[in-house]
Amino acid sequence: METYYIRINDVDNLTTGASFLGSGGGGDPYIGGLMLKRELKSKGELEIIRRPKSNKAFVLGSAMMGAPIVMIEKIPSSSEAKKALEIYSYVMNKLIDYITPLEIGGVNSTIPLITSAKTGIPIVDGDGMGRAFPELQMTTFYFYGVSPSPMVIFDERGNTSVIQGIDGYWTEKIARIITVRFGGSAYIALYGMNMEDYLKNAVLDTLTLALEIGELLNDKKLDQVLDKLKAEILFKGKVIDVYRKVEKGFSKGYVVIEGIESYYNKTLQIDFQNEFLIARTNNEILVTVPDLIVVLDLFNQKPITTDRLKYGQKVIVIGVPANEKLRTEEALKYIGPKAFGYNIEYIPIDKRL
Amino acid sequence: MGIKIGIDIGSTHTDAVALEGRSLIAADKVMTTQDLTEGLINALRSIISKLGERKNEITSLMIGTTHGLNALHQARNLNRVAIIRIGLPAGEGIPPTFDWPEALERYVTFKFMVRGGHEYTGEEITELDTNKIREIAEEIKDKVDAVAIVSIFSIVNRDHEIRAMEILREKGITTPIILSHEIGGLGLLERENATILNALILNIFNNLISKLKSVLSSMGLESVKIYFAQNDGTVASEDFIRNYPIFTVAGPVSNSIRGAYLLTGIKNAVVMDVGGTTTNVGVLNNGYPRESSVAVEIVGIRTNFRMPDIYTIALGGGTIINCNKIGPESVGYALFDKGISWGGNILTATDVAMVIKNFSLPNANPKLVLEKYSAEYLSKVYENMKRMWEDAIDLMKTEKGDVEVIAVGGGSIMIPEKMIGASKIVVPQNAQYANAIGATLTKVGATVERTFSYETINREIAIKSLIDEAKQLAIRAGAIENTVEVREIEELQMPYLPGNAVKVKVKVVGEFS
């Protein structure tokens, strides 16, 4: 069983890497990063299990759900996600052997680690997205047959609800309404499965990946990030237009970037809905979801989230091939361009460019 | 009409002006001193003596200063502060001052977390734990100089902050108590940090104000009113700043942007304040500095109060040019000894600009520059300087197309007559005093930011209540009641939240007496 340890000095690398994999969304992991630092300050280190051997072990997902904008004001007590886990264990009469993140992009890269530190239950190195997506059913677990239900949803006061949805969409819809009633942020335990299913369905080794990407970016070694991810630079330029509107609770819009250097005289448009979805020039689609579109500040190479885009920023845009588990027919039904309302076929970035 | 005195403390010079109406009747520059107060008082005495007999016509004194920032940098003579955060069971995950530098953190001698706080809708998270507040009062009595109170979503509902203050008062706490909803906007940690920073520097400003008053009274000027420049380009009275000194930390920067407007009448423009070591680039938005939308760090601490959106480049009059490399080092105020045109041996940005733009300064001889460097080399350097300024303009404007550019500050004479991105470049008369003039001629202002759910409160009623609140604040800051008017209303939808959740910001300004 391969393991490694996360210490307080790794947290900034983790959050930078998680912002990168957030593909413009997932929320700013600043608050989560501080909470994790606090845990590691007293605990010293946290063990991450890379390849658990026991097929029958029980794995459970741990996450925050809701509006990151609420979380920056109503900061968690940091025990909520742990309580959700304990209630799941009690209600389902199950011992939880391992914790898994649901997504590795943004704030939810840190919450499961805090849960692990609080409970002593080890965390496995993987997640259900390999990036960030806005909804509960958008995980590889769900695409390949694992149900998010039963799901426990918990707030800082102690209010609890157990949801048994008939499918992923219903689970998402019900949980969303409860989250709002809880004040816009809630903490969840869901996607219980055995280790055999987990290893088959999860996007593996993504905590390590986030740490490695973050370390390279913080050292300004972008070339090595590109090599590692088989990623491509799509564009370099200046933001000349940002359009945003709030629609059905999502922040939708697009950004237009005017080329510099070898991209001079070209423009790139990226559509977003929390995350970046489609990158295209005038007559050519370059990358679509689920492949990752990442926008970095040209100078400090830090990821820029969709809500921080503004006129004049000099940026570098990167396309990253998604994990193969996000590219199958089953997966594309939920996270391909059509699932987000675009009448565009998904062609992998490695075939387009 | 009366005479107004404006003083602006910069990193190398402290500028003072006297204005009658809008005309400049006297101006002066003295060296900034290490403790700031001494230089400030030198400037004050000097400008008053220049006025001679007319000193009795002085009605008011406006000051732009970085006293607050300096004190925090040095971490000396600060207040002992207790912070009470209301919001448990939420909020416990990151305790107050968690990521603060140790030198400042040690002044925050008591940290409490108490049950209470609100949701984004304004409902209670839980009831306020009033017993705990009473216990806290016993514990901190006579042990702190100030108390900071922050409650979750107090920008939606401030009841718990106010109730907690009332209890502390009932229990005999007489020190200043600062409530976070009066300091900053959305973001608990950032607002809490700003509130504590404010509490730390209260005494610094009390002392400064006492000193200024005694200087004025020693000159027989007891009735002169004192105002301070605020971060948003307005001023507030000494009484107000005694409680909210943190609003002054970016006053000098905002003053130059305001000054650019007051000297030109151009309401929307990019402003370049060219000093000795840097150029600060800001934006005039309807006559006031555009505010930053992201968290601003002060002495390594994240805050979220209203700060001007400023981009600084290391290019000023004293910037050292070395083998095609421009800066970032600068000779600063030693320009007039070390610059080549003054017989020194360091090539500075001013030397280059004098040759290329064909102007001269007192005691300077630009020909000395051409004896050492070829015209070709100098014009190449100047081209590169121009490109640095052009890039900064490009970064600060918010849309396509050219913008008007106003150049102010001592180094504004170096700015090219044409730049890419600029439709017009204006260097107003008295540009070198823009900051002090900005402080003198501006208005009293107040800004309030709250979030509402328009499903639970009618939009018109919500905005009206906010305007009333901002007006009251402006009056407390020294504005004459019937002159206060709304200058800006900004509504921002909050994504992910239902109930039509919006953040509303209202800014009002008024004349001072």
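Residues numbered from 1 in each chain as written. Chains lettered and ligands numbered in written order. Predicted model: local features only at pLDDT ≥ 70, side-chain atom pairs only at ≥ 80, totals over all residues. Heavy atoms only, no water.

Per an unreviewed UniProt entry, chain B goes by Hydantoinase/oxoprolinase family protein and derives from Acidianus infernus.

Going by what an unreviewed UniProt entry lists, chain A is known as DUF917 family protein and is assigned to Acidianus infernus.

So, about the interface of chain A and chain B. Each partner contributes residues to the interface: chain A has 39 residues there, and chain B has 40 residues. Roughly 3,500 Å² of surface becomes buried between chain A and chain B when both sides are summed, with 62% attributable to carbon and sulfur atoms. Its largest share of buried area at the contact with chain B, chain A owes to Glu73, Ile75 and Tyr311 of chain A, together 21% of the area lost on that side. A salt bridge links Asp394 of chain B to Lys238 of chain A, with the shortest nitrogen-to-oxygen separation between them at 2.5 Å. Taken together, the connections running from chain A to chain B amount to 17 residue pairs in polar contact (both at pLDDT 80 or more). Secondary-structure elements contributing two or more residues to the side of chain A that touches chain B are helix 2 (30-43), helix 3 (68-71), helix 7 (168-181), strand 11 (232-247) and strand 12 (250-259) of chain A. The dominant element in the side of chain A that touches chain B, judged by the number of residues it contributes, is helix 2 of chain A, at seven residues. Taken together, the residues of the side of chain A that touches chain B break down into 16 nonpolar, nine polar and 14 charged. (Contact = heavy atoms within 4.5 Å. Buried area = accessible area lost by both parts, 1.4 Å probe. Salt bridge = Lys/Arg side-chain N within 4 Å of Asp/Glu carboxyl O. Polar contact = N/O pair within 3.5 Å; in protein donor to acceptor, adjacent residues only side chain to side chain. Helix = DSSP H or I, 4+ residues; strand = E, 2+ residues; numbered from the N terminus. Nonpolar A, V, L, I, M, F, W, Y, C, P; charged D, E, K, R; others polar.)

In this chain, Val289 of chain A is followed by Pro290 of chain A through a cis amide linkage whose omega measures 10 degrees. Positionally, Pro290 of chain A belongs in the loop between strand 15 (284-288) and strand 16 (292-297). Here the bond from Leu88 of chain B into Pro89 of chain B is cis, since omega is 10 degrees, no more than 30 degrees from zero. The backbone of Asp205 of chain A sits at a positive phi, close to 65 degrees, despite the residue not being glycine. Residue position: Asp205 of chain A is located in the loop between strand 10 (203-204) and helix 9 (206-218). The backbone of Cys323 of chain B shows a phi angle near 50 degrees, a positive value even though the residue is not glycine. Note on placement: Cys323 of chain B falls in the loop between strand 17 (319-322) and strand 18 (325-330).

What follows concerns the packing of helix 4 (residues 80-92) of chain A against helix 5 (residues 111-119) of chain A. All names here are of chain A. Running from N to C, helix 4 and helix 5 point in directions that differ by 70 degrees, and their axes come no closer than 8 Å. The orientation of helix 4 relative to helix 5 falls into the category roughly perpendicular. For the element pair helix 4 and helix 5, the recorded crossing hand is right-handed. Of helix 5, the residues touching helix 4 (which contributes Ala81, Lys82 and Leu85) are Ile111, Thr115, Lys118 and Thr119. Across the contact of helix 4 with helix 5, the residue classes tally to three nonpolar, two polar and two charged. (Axes fitted to C-alpha atoms, helices over the stretch in contact; angles between N-to-C directions. Parallel < 35°, antiparallel > 145°, perpendicular 65-115°, else oblique. Left-handed = near helix turned anticlockwise from the far one by under 90°.)

Before going further, it helps to spend a moment on the domain arrangement of chain B. Residues and elements named next belong to chain B. Taken domain by domain, chain B consists of domain 1 (76-200) and domain 2 (443-510). A C-alpha centroid distance of 23 Å is found between domain 1 and domain 2. Contacts between the two partners involve ten residues from domain 1, matched on the other side by eleven residues from domain 2. Approximately 920 Å² of surface area, both sides summed, lies buried where domain 1 meets domain 2, with 52% of it carried by carbon and sulfur atoms. Contact with domain 2 buries area across many residues of domain 1, yet Tyr120, Ile155 and Leu186 alone supply 52% of it, more than any other trio. Our count for the domain 1 to domain 2 interface comes out at two salt bridges. A salt bridge links Arg158 to Glu469; its shortest N-O distance comes to 3.5 Å. Taken together, domain 1 and domain 2 are joined by three residue pairs in polar contact (both at pLDDT 80 or more). (Domains from an automatic or database assignment.)

Residues and elements named next belong to chain B. Read from one edge of the open sheet, four strands run 6-5-7-8, paired in parallel fashion. Single-partner strands in this sheet number two, and they are strand 6 (108-115) and strand 8 (177-179). Taking the axes of each pair of neighbouring strands and ignoring which way they run, one obtains an average angle of 20 degrees across the sheet. In the packing of helix 5 (residues 159-170) onto the sheet, the strands contacted are strand 5 (81-88), strand 7 (146-151) and strand 8, and the crossing angle to strand 7 comes to about 150 degrees. (Pairing = 2+ DSSP bridges.)

This part is about the domain arrangement of chain A. Residues and elements named next belong to chain A. Assigned domains of chain A: these are domain 1 (3-208) and domain 2 (228-352). At the junction of the two partners, domain 1 supplies 28 residues and domain 2 supplies 28 residues. Carbon and sulfur atoms make up 68% of the area that domain 1 and domain 2 hide from each other, which totals about 2,200 Å². Between the two partners, domain 1 and domain 2, sit zero salt bridges. Where domain 1 packs against domain 2, one counts ten residue pairs in polar contact (both at pLDDT 80 or more). Listing elements by their share of the side of domain 1 that touches domain 2, those giving two or more residues are helix 1 (11-21), helix 6 (140-143) and helix 8 (195-201). Counting residues per element, the side of domain 1 that touches domain 2 draws most heavily on helix 1, at four residues. Looking at the side of domain 1 that touches domain 2 residue by residue, the class counts come to 14 nonpolar, eleven polar and three charged.

Okay, the packing of helix 1 of chain A against helix 2 of chain A next. All names here are of chain A. Their axes nearest at 10 Å, the elements helix 1 and helix 2 cross at an angle of 155 degrees. Considering the angle they form, helix 1 stands roughly antiparallel to helix 2. Helix-helix and strand crossings are classified by hand; for helix 1 and helix 2 the assignment is right-handed. Along the contact surface, helix 1 presents Val11, Asp12, Leu14 and Thr15, while helix 2 presents Gly33, Leu36, Lys37 and Leu40.

The next subject is the sheet that holds strand 15 of chain A. Residues and elements named next belong to chain A. Read from one edge to the other, the open sheet built from seven strands follows the order 15-14-13-12-11-17-16, with strand pairing classed as antiparallel. Because the sheet does not close on itself, it has two edges, and the strands there are strand 15 and strand 16. The sheet shows a mean angle of 35 degrees between the axes of neighbouring strands, direction not considered. Strand direction decides the pairing type here: strand 13 (residues 267-273) and strand 14 (residues 275-281), joined by five bridges, are antiparallel. Opposite Gln269, over in strand 14, you have Arg280 as the bridge partner.

Another point: the nonpolar core. Within the largest apolar cluster, 202 residues are counted, with the highest numbers of intra-cluster contacts made by Phe20 of chain A together with Leu72 and Leu200 of chain B. The element that contributes the greatest number of residues to this core is helix 7 (residues 202-218) of chain B, accounting for eight residues. Other than its neighbours up to four places away in sequence, Leu72 of chain B contacts Leu78, Leu104, Leu197, Leu200, Ile201, Ile246, Ile298 and Val299 of chain B. (Core = buried A, V, L, I, M, F, W, Y, C linked by side-chain atoms within 4.5 Å. Buried < 20%, exposed > 50% of the residue type's maximum accessible area, 1.4 Å probe, protein only.)

Burial runs high along helix 14 (residues 434-441) of chain B: eight of the eight residues are buried. Buried within helix 14 of chain B we find Ala434, Asn435, Ala436, Ile437, Gly438, Ala439, Thr440 and Leu441 of chain B.

Let's shift gears to the side chain of Asn13 of chain A. Residue and element names in this part refer to chain A. Tracing the backbone through its elements, the reader meets Asn13 in helix 1. There is a polar contact of 2.8 Å between the side chain of Asn13 and the side chain of Asn218. In contact with Asn13, other than residues within four places in its own chain, are Ala210, Leu211, Gly214, Glu215 and Asn218.

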